[in-house]
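What follows is the residue order along each chain.
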Amino acid sequence: MNSGGPWSSPTLAQTRVLGIQRKLHKWSIDDQDRRFDDLHNLVCDPATLMVAWLRVRANRGSRSAGVDGQTARYIEQVLGVQTFLDGLREELRSGSFRPLPVRERYIPKRGGKRRRLGVPALRDRVVQAALKLVLEPIFEADFKPCSYGYRPGRRTQDAIAEIHFLTTSPRSYEWIVEGDIKACFDELSHSAILDRVRRRIQDKRVLALIKAFLKAGIMTEQGRLQGTVTGTPQGGILSPLMANVALSALDEHFARAWEAAGGQHGRSARRRRGEANYRIVRYADDFVILVAGERRHAEALIAETEQVITPLGLTLSQEKTSIAHIDEGIEFLGWRIQRQQGRNGRPQIYTYPSKPSLQAVMGKVKQITRTGQNQTLDQLLNRLNPVLRGWCDHFRHGVSSRTFNYLRAYVWRRGIIWLRHKHHGRNWRWLRRRYLPGWWPTAETVSLYNPGGVKTTRYRYRGSKIPTPWDQPHYEQLSFDLERLEALIAR
C-alpha cells in the first residue's frame, strides 16, 4: 500500500484514511493468521496524522496540557498546525520520536475514592491516535461479539440488551457472576499486551512505539518521575485498545467453551447431564458471566476466570466479585437488571437506572444549583440542561419513566431553591410571574429540561450483527468531528 504525500484537506485526509482502514480490516478478516508488516509508513502518512490531529483537537481534553505544557490552542496560535505535524512526522520517520511521561491527575470516584488518570502530552496523543487509526481495524476483526467497551459502533445499551436477551425465557441464564478486576488498567502486564499484539503485528517500529508508550512513565502530582512497570494509563487514546487486546483472552476462553458445547442439541444434552452453559458479556474491565445451571456452577467459574487472567498480571477483587440470581437483580454499567412479575402475571426482565446512577446525576444537579447566585437563570439552565439531557438520553432505553418523573420533581425543587436564594425577599407571586410560567422554570431564551417528558423505548437488540464502521459503505465520521471542533474553538 502506497503512503506518503503532501498535506491535504481534512475531507480528503478522512477519505484516504477510511480507505486504508477498510483495506486493513478486510485483509484481517480474510486471513486470520496474517501478521501485518510495514504499518509504520501508514502511521506516518500525512493523511493519518491530519485525521489524528482533528480527532485529538475535537476532544475537550485538548485544553489540558501534558508535562510539556502545550495545549491545542498553543499549537494553533504559536507553532502552527502544519509546522507541528511536519515536525512530528519527521521524528517518527527518523526514529527519534520518544513519548514524554504522562501527567498524573486524580478524579473522584463513587464512595469517596479517587481514580488515577494519566494525561499524555498533546504530541503523544496525536501519535497514539494515529496508531489507533491503523491498528483498530486489524484487531476489530479478531474481537468477539461479547465485548462492547471502547469499540466503534458499540455502546453500553448493547451490553445491557445482551444480558436482557440471555436472561429472558426460554434462554433463562439465571445465575450471574459479577466480576471485578482489581486495578485492571494499572496492573496489566506489558509483556502480555505485547505478546498478544505480536500475533497480528510484525512491524518492529510499530511494536517499539507501543512499548515506548507503555514504558513512558508518570510524572506525579508531587513532580517525581515514576516508572511504569505494568499497566496502561487511563487517559491515553491507545490505552483502551491495548486493554481490549489483552482482555480478549477472556472472551476467547469463554467463546471456546461455548463452541465446545455444540449447537442447541449439545447444550440441551449438557443440561440433562447436570452441566451448565454459560456466556460472558464484557465492557472493558467490567464483565458478567451468565450461567444456565446452578449456583455451584457459577462459583466454579470464579476460579476458572482467575486462571485465565493471571497470565495477564490481573486478579479478581474478592470483595467486589459476587454471585447473584436474576430474581435478586444485579447492577451493571449503571443499570439495574432484575426479574420481576410483569403486568400479565408472568416473570419479566426489567432494566432501569440504578440508584447510584440516579444519586450521581442528582448530586451534579445539586452542585450546580448550590452556587452561582450572581449568574442569570439562562446561564444556570444552560449548565443544567446538558447534564439532564445526556443522562435521560442514556437511560431512556429502559423502564425509566418513574425514575424520570422522580428526577423531574427533584430538579424543579432545586431550581426553585436557587431562585428563592437569588431573589431573597421576593414573594411567590413575583417569582411566578417572572420565572415560572406554568409553574416551570423558564428564562428568556431557554427552559429547564423536563426529564418527565422523555419517552422511553426498548433498545433494539443487535446481537452479533453490529456492523463496524468499515463495513458501512456510506460511513462518515469527519463531519461530526469537525462540528465538535468548530464548537470547541468557538468557546
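Residues numbered from 1 in each chain as written. Predicted model: local features only at pLDDT ≥ 70, side-chain atom pairs only at ≥ 80, totals over all residues. Heavy atoms only, no water.

## Considering the overall build of the protein
Consideration 1: Counting its secondary structure elements, the protein contains 18 helices and eleven strands.
Consideration 2: For 491 residues, the compact-globule estimate of 2.2 N^0.38 gives 23 Å, and the protein sits close to it at 25 Å.
Consideration 3: Oriented by its inertia axes, the alpha-carbon framework of the protein measures out at about 75 × 70 × 50 Å.
Consideration 4: For the protein, buried positions account for 51% of its 491 residues.
Consideration 5: In the protein, the share of contacts with a sequence separation of at least 24, taken over all contacts with a separation of at least 6, comes to 71%. (Helix = DSSP H or I, 4+ residues; strand = E, 2+ residues; numbered from the N terminus. Rg over C-alpha atoms; globule rule 2.2 N^0.38 Å. Buried < 20%, exposed > 50% of the residue type's maximum accessible area, 1.4 Å probe, protein only. Contact = heavy atoms within 4.5 Å.)

## Details of the sheet that holds strand 11 (residues 347-353)
Consideration 1: Strand order in the open sheet formed by three strands is 9-10-11, and the pairing between neighbours is antiparallel. Where the open sheet ends on each side, the last strands, each with one partner, are strand 9 (330-332) and strand 11. Looking at each pair of strands side by side, their axes are set apart by 30 degrees on average, direction ignored.
Consideration 2: Here three bridges tie strand 9 to strand 10 (residues 335-341), and the two strands are oriented antiparallel to one another. Paired with Phe332 across the bridge in strand 10 is Trp335. (Pairing = 2+ DSSP bridges. Axes fitted to C-alpha atoms, helices over the stretch in contact; angles between N-to-C directions.)

## Focus: the environment of Pro170
Consideration 1: Among the secondary structure elements, Pro170 is positioned in the loop between helix 7 (156-167) and strand 3 (175-180).
Consideration 2: Linking Pro170 and Asn244, residues 74 residues apart in sequence, is a C-alpha distance of 31 Å.

## A few points about the sheet that holds strand 6 (residues 277-283)
Consideration 1: Pairing within the open sheet is antiparallel, and its four strands lie in the order 6-7-3-8. Either end of the sheet is taken by a strand with one partner, and the two such strands are strand 6 and strand 8 (322-325). When strand polarity is set aside, the average angle formed by the axes of neighbouring strands in this sheet is 20 degrees.
Consideration 2: The pairing of strand 3 with strand 8 spans four bridges and is antiparallel. Bridging across to strand 8, Glu178 finds its partner in Ser322.
Consideration 3: Running at roughly 165 degrees to strand 6, helix 7 makes contact with strand 3, strand 6 and strand 7 (286-292) of the sheet.

## Here we look at the confidence of the model for the protein
Consideration 1: With 94% of its residues at a pLDDT of 70 or more, the protein shows a mean pLDDT of 90.
Consideration 2: Confidence drops under a pLDDT of 50 for residues 485-491, and excluding neighbours within four residues, the segment shows 16 contacts in the predicted structure. (pLDDT = per-residue confidence, 0-100.)

## A closer look at the packing of aromatic side chains
Consideration 1: A complete count under the given rule lists eleven aromatic pairs for this structure.
Consideration 2: Ring centres of Phe97 and Phe213 lie 6.1 Å apart, and the angle between their planes is 55 degrees; on these two criteria the pair is classed as tilted. Residue Phe97 is located in the loop between helix 5 (81-94) and strand 1 (102-108), and its partner Phe213 is located in helix 10 (residues 204-214); the two are separated by 116 residues in the primary sequence. This pair shows no difference in class: Phe97 is buried, exactly as Phe213 is.
Consideration 3: One aromatic cluster in this structure is built from Trp335, Trp391, Phe395 and Phe404.
Consideration 4: Taking the ring centre of Trp258 as reference, the NZ or CZ of Arg267 above it sits at 3.8 Å.
Consideration 5: The cationic tip of Arg426 hangs over the ring face of Trp430; the distance from NZ or CZ to the ring centre is 4.3 Å. (Phe/Tyr/Trp six-rings, centres within 6.5 Å; stacked < 30°, edge-to-face > 60°. Lys NZ or Arg CZ within 6 Å of the ring centre and 35° of its normal.)

## Re a nonpolar patch on the surface
Consideration 1: Residues Tyr74, Val78 and Leu79 make up a contiguous nonpolar surface patch of roughly 250 Å² in combined accessible area.
Consideration 2: Within the element layout of this structure, Leu79 appears in helix 4 (residues 72-79). (Patch = residues over 30% accessible without salt bridge, like charges linked within 9 Å, V, L, I, M, F, W, Y side chains within 5 Å. Areas by Shrake-Rupley, 256 points an atom, 1.4 Å probe, with all protein chains shown as cover. Salt bridge = Lys/Arg side-chain N within 4 Å of Asp/Glu carboxyl O.)

## A closer look at the pairing of strand 11
Consideration 1: Examined bridge by bridge, strand 10 and strand 11 share seven bridges and lie antiparallel to one another. Bridging from a neighbouring strand, Gln338 pairs with Tyr350 of strand 11.
Consideration 2: Counted between consecutive antiparallel strands, the loop separating strand 10 from strand 11 contains five residues, among which Gly345 sits at a positive phi close to 85 degrees.

## Some thoughts on helix 6 (residues 122-140)
Turn by turn, an α-helix covers 3.6 residues, leaving residues three or four places apart pointing in a common direction.
Consideration 1: Its 19 residues give helix 6 an end-to-end C-alpha distance of 26 Å, which sits within 8% of 27 Å, the value for a rise of 1.5 Å per residue.
Consideration 2: A maximum bend of about 35 degrees is found in helix 6 at Val134, where proline Pro137 lies one to four positions downstream.
Consideration 3: Of all 19 residues that make up helix 6, 18 are buried, and the element is covered over most of its length. (Expected span 1.5 Å × (residues − 1). Bend = angle between axes of the 7 residues up to and from the residue.)

## A closer look at the packing of helix 5 against helix 6
To characterise two packed helices, one gives the angle between the axes of the helices and the distance between these axes.
Consideration 1: At their nearest, the axes of helix 5 and helix 6 sit 11 Å apart, and the two run at 65 degrees to each other. Regarding the angle of helix 5 to helix 6, the classification is roughly perpendicular. As for how helix 5 packs across helix 6, the hand of that crossing is right-handed. Contacts between helix 5 and helix 6 involve Phe84, Leu85, Leu88, Glu91 and Leu92 from the former and Arg123, Val126 and Val127 from the latter.
Consideration 2: Taken together, the residues of the contact of helix 5 with helix 6 break down into six nonpolar, no polar and two charged. (Parallel < 35°, antiparallel > 145°, perpendicular 65-115°, else oblique. Left-handed = near helix turned anticlockwise from the far one by under 90°. Nonpolar A, V, L, I, M, F, W, Y, C, P; charged D, E, K, R; others polar.)

## Considerations on the pattern of salt bridges
Consideration 1: Using the criterion set out here, one finds 22 salt bridges in the structure.
Consideration 2: The salt bridge partner of Arg282 is Asp251, with a shortest N-O separation of 2.8 Å. You can see Arg282 sitting in strand 6 and its partner Asp251 sitting in helix 11 (residues 239-260), a full 31 residues away along the chain.
Consideration 3: Look at Arg282 and you get buried, because its relative accessible area is 1%.
Consideration 4: Salt-bridge contacts for Glu299 lead to Arg295; the nearest nitrogen and oxygen are separated by 3.2 Å. Residue Glu299 and its partner Arg295 are both found in helix 13 (residues 295-309); the two are separated by four residues, about one turn of the helix.
Consideration 5: On the basis of relative accessibility, which here comes to 43%, the residue Glu299 falls in the partly exposed class.
Consideration 6: For Arg295, a relative accessible area of 37% corresponds to the partly exposed category.
Consideration 7: Because the salt bridges share partners, they merge into one network encompassing Asp38, Asp203 and Arg205.

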